[in-house]
Amino acid sequence: MQDGPAQTDSTQMRIRAATHADWDRIAELTVAAYVDGGFLTAGDSYVSHLSDVETRARSSQVLVAEVPTDDGAAVAAAVAVTDAGGPMAEVARDGEMEFRMLAVAPEHQGRGIARAMVRHIIGLAESRPEIQALTLCSLTSMTTAHALYRSEGFRPMPERDFFLPEKSARFPFFLREV
């Protein structure tokens, strides 16, 4: 997958492949985005999954967004990208790419970073002729993220929602053709 610059109206950033040196920061910001954002409690079993960046990095392409700081640059966001059939894929089917655990550190939210990352992932999917669609599922409560996905051409497909029977939970599914 390609690295490259991305720019939003208010933020210049660089989206790149994560390195081992980023793993602690990725775990920290991902858990903070989910827990501080009010989407999960600190004791939820999924928090350990969000913290396990090593497994995510072995099983998918983990990308980060770096933003300029007074000291140089800081990792402000992360996401895992995978193809159907991969160990990290939950909802992708053949010919689909999936992204998961898109998280922006709370102190960097509202600056267009998530949108830049989504657009970068769309570009990755579009660059691969074997990929016909980009997919994801989300927590029901992440309505701001759902609005972002819709604005970038994703459409909800309730017939493909992801279910976890052990939690009696439904996770809305979104698809964007590329």
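Coordinates for the structure precede this section.
Residues numbered from 1 in each chain as written. Predicted model: local features only at pLDDT ≥ 70, side-chain atom pairs only at ≥ 80, totals over all residues. Heavy atoms only, no water.

*Asks:* Mind showing me how you'd approach the pairing of strand β3 (residues 61-69) here?
*Replies:* Look at any regular strand and the pattern is simple: side chains alternate between the two faces of the sheet. Pairing of strand β2 (residues 12-17) with β3 involves 4 bridges; the strand directions are antiparallel. Each residue of the ladder has a partner; that of Ala-17, found in β3, is Leu-63. Relative to strand β4 (residues 72-83), β3 runs antiparallel, the two being bridged by 9 bridges. Along β4, the bridge assignment pairs Pro-68 with Ala-73. (Pairing = 2+ DSSP bridges. Helix = DSSP H or I, 4+ residues; strand = E, 2+ residues; numbered from the N terminus.)

*Asks:* Would you take a moment to explain the environment of Arg-16 for this structure?
*Replies:* If you trace the backbone, Arg-16 turns up in strand β2. Relative accessible area serves as the criterion here: at 8%, Arg-16 is assigned to the buried category. In this structure, the C-alpha to C-alpha distance between Arg-16 and Val-62, residues 46 residues apart in sequence, is 8.6 Å. Polar side-chain contacts of Arg-16 include one of 2.9 Å to the side chain of Glu-66. (Buried < 20%, exposed > 50% of the residue type's maximum accessible area, 1.4 Å probe, protein only. Polar contact = N/O pair within 3.5 Å; in protein donor to acceptor, adjacent residues only side chain to side chain.)

*Asks:* Is there a simple way to explain helix α4 (residues 113-126) in this structure?
*Replies:* Structural remark: α-helix, 3.6 residues per turn; residues separated by three or four positions point the same way. The terminal C-alpha atoms of α4 lie 20 Å apart, and with 14 residues this matches the ideal 20 Å at 1.5 Å per residue to within 8%. Looking at α4, one finds that the buried residues are Ile-113, Ala-116, Met-117, Val-118, His-120, Ile-121, Ile-122, Leu-124 and Ala-125. (Expected span 1.5 Å × (residues − 1).)

*Asks:* Mind showing me how you'd approach the nonpolar core here?
*Replies:* Where a protein is soluble and globular, its nonpolar side chains tend to be buried together. The biggest cluster of nonpolar side chains holds 28 residues, and the ones touching the most others in it are Phe-99, Tyr-149 and Phe-154. The dominant element in this core, judged by the number of residues it contributes, is α4, at 8 residues. Excluding residues that lie within four positions of it along the chain, Tyr-149 makes contacts with Phe-99, Leu-102, Val-118, Leu-136, Phe-154 and Phe-174. Of all hydrophobic cores here, the second largest spans 23 residues; its members include Trp-23, Ala-33, Met-101 and Leu-139. (Core = buried A, V, L, I, M, F, W, Y, C linked by side-chain atoms within 4.5 Å. Contact = heavy atoms within 4.5 Å.)

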